[in-house]
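# Examination of the molecular architecture
Here are the chains, one letter per residue:
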Amino acid sequence: MEPIHTVVVIDGQGGSLGKSLVEAIKKRFEQVYVLAIGTNSLAASAMLRSGADGIATGENPVVVASRNADLIIGPLGIITADALHGEITPTMAVAVAQSKAHKILLPISKCNVSIVGRQDLSLTEMIELALSEIAAFLDNQPAG
């Protein structure tokens, strides 16, 4: 099946969250093209090894991909300037936040933002919830 939606996975640091997301998305959804963007080369490499269709690294790929994505997935910090120990630049945060793409953000606590009312879930549980959200998004989108 030809990919009909572009899913952008953004992660930083060692890329472990992004790696797990890419792996799970590729396993469950055939109809998506997964572009993995690392804020550093280590994160990008981890996501490539997990099956991403394409990778990029740095600020400008985040800006460009945010314009064209159907769906953006990553830690909550991707919309917070200076999050992930400073790896998210203000330009990246604005590009993601202003993107018309649907966003699925996982509340990983490395950005000094607390989400009131959130459950204390394991990474595996958060990824499962993210996959359910992706499925709901894809079910409500026209093909092509």
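Scroll up for the structure.
Here's what I pulled together on the structure shown here. (Residues numbered from 1 in each chain as written. Predicted model: local features only at pLDDT ≥ 70, side-chain atom pairs only at ≥ 80, totals over all residues. Heavy atoms only, no water.)

## Re the overall build of the protein
Within the protein, the regular secondary structure consists of six helices and five strands. Each helix and strand of the protein, placed in order from N terminus to C terminus, yields the pattern β-α-β-α-β-α-β-α-α-β-α. Against the globule reference of 15 Å for 144 residues, the protein gives a C-alpha radius of gyration of 14 Å, in line with a compact fold. The 144 residues of the protein split such that 47% are buried. In the protein, once contacts between residues fewer than 6 apart in sequence are set aside, the share between residues at least 24 apart is 70%. With the model as given, the accessible surface of the protein reaches about 7,400 Å², and the carbon-plus-sulfur share is 50%. With 10 positive and 14 negative side-chain charges, the protein shows a separation of 2 Å between the mean positions of the two kinds. (Helix = DSSP H or I, 4+ residues; strand = E, 2+ residues; numbered from the N terminus. Rg over C-alpha atoms; globule rule 2.2 N^0.38 Å. Buried < 20%, exposed > 50% of the residue type's maximum accessible area, 1.4 Å probe, protein only. Contact = heavy atoms within 4.5 Å. Areas by Shrake-Rupley, 256 points an atom, 1.4 Å probe, with all protein chains shown as cover. Lys, Arg positive; Asp, Glu negative; His and termini not counted. Charge placed at Lys NZ, Arg CZ, Asp CG, Glu CD.)

## Section: the nonpolar core
Judged by nonpolar contacts, the single largest core of 25 residues is most densely connected at V9, L21, I25, F29, I73, L106 and I134. Ranked by residues supplied to this core, first place goes to helix α6 (residues 123–139) with eight residues. When near neighbours in sequence (up to four residues on either side) are disregarded, F29 contacts L131, I134, A135 and L138. If you look at the next biggest cluster of nonpolar residues, it comprises 17 residues, including L35, A65, A83 and L84. (Core = buried A, V, L, I, M, F, W, Y, C linked by side-chain atoms within 4.5 Å.)

## Some thoughts on the sheet that holds strand β2 (residues 32–38)
Strand order in the open sheet made by the five strands is β3-β2-β1-β4-β5, with parallel pairing throughout. This sheet does not close on itself; its edge strands, each paired only once, are β3 (54–57) and β5 (102–106). With strand direction ignored, the average angle separating the axes of adjacent strands in the sheet is 20°. In this sheet, strand β4 (residues 71–75) lies alongside strand β1 (residues 5–11) in parallel orientation, the contact comprising three bridges. Of the residues in β4, the one forming a bridge with V7 is L71. Here helix α1 (residues 16–28) sits on the sheet and contacts β1, β2, β4 and β5; the angle it forms with β1, its principal contact strand, is near 160°. (Pairing = 2+ DSSP bridges. Axes fitted to C-alpha atoms, helices over the stretch in contact; angles between N-to-C directions.)

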